[in-house]
Every structure is written in C-alpha cells, then in structure tokens.
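Each chain, written out:
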Amino acid sequence: MAKAGEIIAVRGSTKAKPDHLAALATQAWVAAANGLRITSVHVRHLDRDFTLDRSGDRGGLFVDTDVTALVAPIVATQGARIGAAKALLTQSEPAAIVGDHCHAPYACAFIDHCHEDLPAGPYWPVTILPRGAGKAFLRRGIDDLTLVPVEDLRSDTDRRVHRATMTGQVEHDPAGAAQAMAGWSYPRIWLDFETVSDAVPVWPGCSPYEQVPFQFVADVEAADHGIVRREFLDLSGDDPRRACAEALAALPRTGAVIAWHARFERDVVLRLARAYPDLAAVLDDLAARIVDLLPVTRDHWYHRDQRGSWSIKAVLPTIAPHLDYATLAVRDGGDAVAAYREAVDVASTPERRAELDTALRLYCGRDVEAMRVVAERLIEPGPPSPVASTRPGHACHRAVASSAIQFAYQTRGFGIDLVRRSRQR
C-alpha cells in the first residue's frame, strides 16, 4: 500500500492564488509517481486578519487553504503535459507568441529572447490610451494611435489623449479646474506620506503588509498663499506610528487636505485613528477633509508627453521640467523604502543616516511641491505649455508604424498576442 502524505506550500501572499496551483500540481504528480499517495494539498499563506499582539508572538500569522480539489484536475493531465514538453524539445524552436501573458503572473525569463526579432513599434502606440482602451484597436490590427479613426474613440478621455497626440497642443481647461477646486478652503494642507510594509509584522498592532507611515511632509498654505512646511520623519527603527499620529493631529483643524491619489493618504490616516483612540476624533476629521488632485488633473490637463499616464511624475515634467526627480538621490517610492531600511539598519553610520535623512526630506518635499505647482498651473489661463522637442529619429517613426501594422495580432484570453516567427537554429 502506498504511503500517504500531504503537501503544504508556504507562500508570502495573503490568499491562495491561481498561479500557485500549477507548482503544487507538479509536486503532487511527482509524489504520486514515486509511490506517495497525496491525501490533501494546502497553501499556507499569511492571514490578512492577523494582528501582532506583542513582539515576537506570531502565533496565527499563517492560515491554510485547502486546494486539493483545484489541483486534482491539473494532476490528472500533468503526464500528458510533460510528454508534450519532452516532445517539443526534439523539434525546432516553435513560434513564440508574445503578449500580456509574458508579464502575468510574473515576468517571463525569456522576454528579451522572444522580443529581439520583433520590428520596432510606433512612437505613439495605441496602448497609450488609458484603462486598456487600446486593446480593442490592437485586435483590429491598429497599433499606432495616430492611425485610429477619431469616431471610433468611445470616451472623452480617449478623445483628449488622441487629440493632444495628433496636434501637439495641451488639452487644458483652466475654468473647469478652478471650479473643481473652488471649494478647497484655506488653510490648505498639501500632504504626502512615505510608508513601509512588511509581510511579517514588526510592531505590535500591525498586520501583514500594512502600510506604516515613517514620514510625511505637509505644506500649510494660508489664504495669502504663504507656505509653512510641517515635517515628520522617524529613522530610529522604532514603531513610528504614535509619533506620526501626534504630528498629524497638530496640523490645522480646518481647511482642505490635498493629496494625489487621496485614497492612499486617507487610509493611512484612518489606520492611525483606529490604532490610537485618544487621537481618533482629530484624525478622523483630518481624513474627512482630504481631497484628491489627481482626478482634477486627469479631467482638465493632458500633455502628449504624459503618454497616457497621470502619475505625478508623468504630469510634472509637462508643467515644471526644472523640478526633475532625476536630480534627487531618492527618486521614487521604492527608493524611499530602500533608504528607510538602510537608515534603520544597525550597520548604518551616523553620517550615512544623516545623508539618507536629507535625501528623504528632499524627495517627499518634492512630491508636495509638485502638487502645489500642478494645481497652480491647472487654474492658470493663457498659452499652453510647449510640447517637448522631438526626439532624435522621430521622423522615421511613422514609416516604422506602417510596417508595424502588419504584426499578426490574436486574441488569447484577456490579452493581445503578437506572433514572433521562430528562427531555424
């Protein structure tokens, strides 16, 4: 009689995911082929509802999800799949189909190989259209945004992106932007957080992957447009939440609190309110006053050099190119987290920690300054910002685009697949 056993795969996610199943099915298939009868298959993942009660006590951090029934049909066909893979190795390299699946659920190790013989795409691809709107045109064999019939564009945003791309003129509605921001009362608080998250909670009261704020910059703008900067930054390595909450509670109790993608900032403030009941009333009120500059910008400004994006780092160069993040030591959120982790490391010297402190303050301050500059430009009438100069080689892109239309697009699942013919080796 075959020995019985179970498979438990430990994963760092907060739930069992479809991409876990193939690996578990392979393990179960190999085990069965070697005489081990598998009675159950589980994914042991982080419990999203776990909260660390005290340092070091991580009992209950993981929870098991039974995926036996989901894995079974994959195991049943695994032998045939392995046989087909072995047969493939005896043949010439097959045609590689590239598309969305090259990056889902993870980036494929062969991306560069499969793309190396593809012709260059157009300078203004239809994938610039936001929210995946370009996929419908790819299915029709149109990959160049400049070749899309304007009457086929379904949303006002898509038409604005197309129009700005074709004319080189900024799509700008200062009156609409002013109306959208008219109710943002003074003193205005321009707020940006930097946060760190850990799969395994470090501080009591935290949950897996909870965004813990270690820094914020708040520019307080009076009605006469005078600015007072308020900052918080904790590089001690201790739990920064209480000190952060107190610093937030000390901000003005009235006026609009302005953020970019405000849901993130609001969630940070509300988590702090739940963590510290004595500050909850003040923090809840602060969260309730948060307004979002992102949708105002999206609805009233588009420069073709944004290339379909309304991230602050895409918009800012079209309005104030001198405020270049590339000049900073910390240039994005990933850099900020890396700087924080280096600064709190016991191996970090006082000199290095001081450098990182300065770099983090400059970066977070740049985000806040960027919001103020963008908001000011949105309501400013007058001639639009000039379009960026043409890049070297731009004149040839239209010729490239016409040949790129010959790409063979196919629909596979949710993605658009591009066939790359194999080379005989």
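Bear in mind the structure is a predicted one, so any value in this text is a computation, not a measurement.

Peer 1: It is not clear to me how the overall build of the chain should be interpreted in this structure. Could you clarify?
Peer 2: When you go through the chain residue by residue, the secondary structure sums to 15 helices and 13 strands. Split into buried and exposed, the 425 residues of the chain put 41% on the buried side. Restricting to contacts in the chain with at least 6 residues of sequence separation, those with at least 24 account for 70%. Carbon together with sulfur atoms contributes 55% to the accessible area of the chain, which is approximately 22,000 Å² in total.

Peer 1: In this structure, what is going on with helix H10 (residues 280-288)? I would like to understand it.
Peer 2: What sets the pattern is the α-helix's 3.6 residues per turn: residues three or four places apart point alike. Those residues of H10 not exposed but buried are Ala 280, Leu 283, Leu 286 and Ala 287. Seen along its axis, H10 keeps its buried residues to an arc of 130 degrees; they face one direction. Across H10 from its buried face, at more than 90 degrees, point the exposed residues Ala 281 and Ala 288.

Peer 1: In this structure, what is going on with empty space enclosed by the protein? I would like to understand it.
Peer 2: Think of a ball as big as a water molecule: rolled over the atoms, this probe shows where empty space is left. Counted under the stated rule, the structure contains one cavity of 30 Å³ or more. Roughly 50 Å³ of volume is contained in the largest cavity. The wall of the largest cavity is formed by Val 196, Asp 198, Pro 201, Val 202, Trp 203, Cys 206, Ser 207, Glu 210 and Val 212. Counted by class, the lining of the largest cavity contains six nonpolar, one polar and two charged residues.

Peer 1: Just to check I follow, could you spell out the sheet that holds strand E1 (residues 3-10) for this structure?
Peer 2: Strand pairing in a sheet takes place through backbone hydrogen bonds and is either antiparallel or parallel in direction. Spatially, E1-E2-E3 is the arrangement adopted by the three strands of the open sheet, whose pairing is mixed. Lying at the two open borders of the sheet, with one neighbouring strand each, are E1 and strand E3 (62-66). In this sheet, adjacent strand axes meet at a mean angle of 30 degrees when their direction is disregarded. Across eight bridges, E1 lies against strand E2 (residues 36-46) in parallel orientation. Its bridge partner being in E2, Ala 9 is matched across the sheet by Val 43. Its contacts with the sheet put helix H1 (residues 18-33) on E1 and E2, and the angle it makes with E2 is roughly 155 degrees.

Peer 1: Explain the pattern of salt bridges to me, please; I cannot follow it from the model alone.
Peer 2: Two side chains that carry opposite charge are able to pair once their charged atoms sit near each other. For the structure on display, the rule yields 19 salt bridges. Where Lys 135 meets Asp 100, a salt bridge forms, and the shortest distance between an N and an O atom there is 2.9 Å. In this pair, Lys 135 sits in helix H5 (residues 135-139) while Asp 100 sits in the loop between strand E4 (96-99) and helix H4 (111-115), placing the two residues 35 residues apart along the sequence. For Asp 100, a relative accessible area of 34% puts it in the partly exposed group.

Peer 1: Help me understand the side chain of Arg 188 in this model?
Peer 2: Of note, Arg 188 is situated in strand E6 (residues 188-196). One buried charge, Arg 188, has no salt-bridge partner; the nearest side chain with opposite charge is Glu 221, at 4.9 Å. Of note is the side chain of Arg 188, whose polar atom sits 3.2 Å from the backbone oxygen of Met 181. Discounting chain neighbours no more than four positions away, the residues touching Arg 188 are Met 181, Asp 219, Val 220, Glu 221, Ala 256 and Ile 258.

Peer 1: What exactly am I supposed to notice about the side chain of Thr 157 here?
Peer 2: One can find Thr 157 in helix H6 (residues 156-167). The contact partners of Thr 157, leaving out residues within four places of it in the chain, are Pro 130 and Trp 310.

What counts as what
Numbers given for residues are sequential positions, taken from 1 along each chain in its written order. Whole-chain, interface and lining totals are the exception, using all residues; otherwise, since this is a predicted model, local features are given only for residues with pLDDT of at least 70 and side-chain atom pairs are given and counted only at 80 or more. Side-chain numbers come from the whole structure's heavy atoms, not from hydrogens or water. Secondary structure elements follow DSSP: runs of H or I of four or more residues count as helices, runs of E of two or more count as strands, with numbering from the N terminus. Under the scheme applied here, a residue whose accessible area is under 20% of the maximum for its type counts as buried, over 50% as exposed, and between as partly exposed, the area being computed with a 1.4 Å probe on protein chains only. Residue contacts are counted whenever heavy atoms from the two residues lie within 4.5 Å of one another. The Shrake-Rupley method, run with a 1.4 Å probe sphere, supplies the accessible areas, and residue values consider only the shown protein chains as cover. This arc corresponds to the set of directions leading from the helix axis out to the C-beta atoms. Grid spacing is 1 Å over the protein atoms alone, the probe is 1.4 Å, and a cavity is where that probe fits but cannot get out, while a pocket is an open set with protein on both sides within 12 Å along at least five of seven lines and lining residues have an atom within 4 Å of a point. Grid points are joined across faces, edges and corners, and a volume is the space filled by probe spheres set on the points. In this count, Pro and Cys sit with the nonpolar residues alongside Ala, Val, Leu, Ile, Met, Phe, Trp and Tyr, while Asp, Glu, Lys and Arg are called charged and the others, Gly among them, polar. Any two strands with at least two DSSP-identified bridges between them are counted as paired. Between N-to-C directions, angles cover 0 to 180 degrees, with each direction set by a line fitted to C-alpha atoms, over the stretch in contact for helices. What counts as a salt bridge is simple: a side-chain nitrogen of Lys or Arg found within 4 Å of a carboxyl oxygen of Asp or Glu. In this tally, Asp and Glu contribute negative charge and Lys and Arg positive charge; neither His nor the terminal groups of the chain are included. We call two N or O atoms a polar contact when they sit within 3.5 Å, provided that within protein one can donate a hydrogen and the other can accept it, with sequence-adjacent residues counted only if both atoms are side-chain atoms.

None of this, on its own, says anything about what the molecule does.
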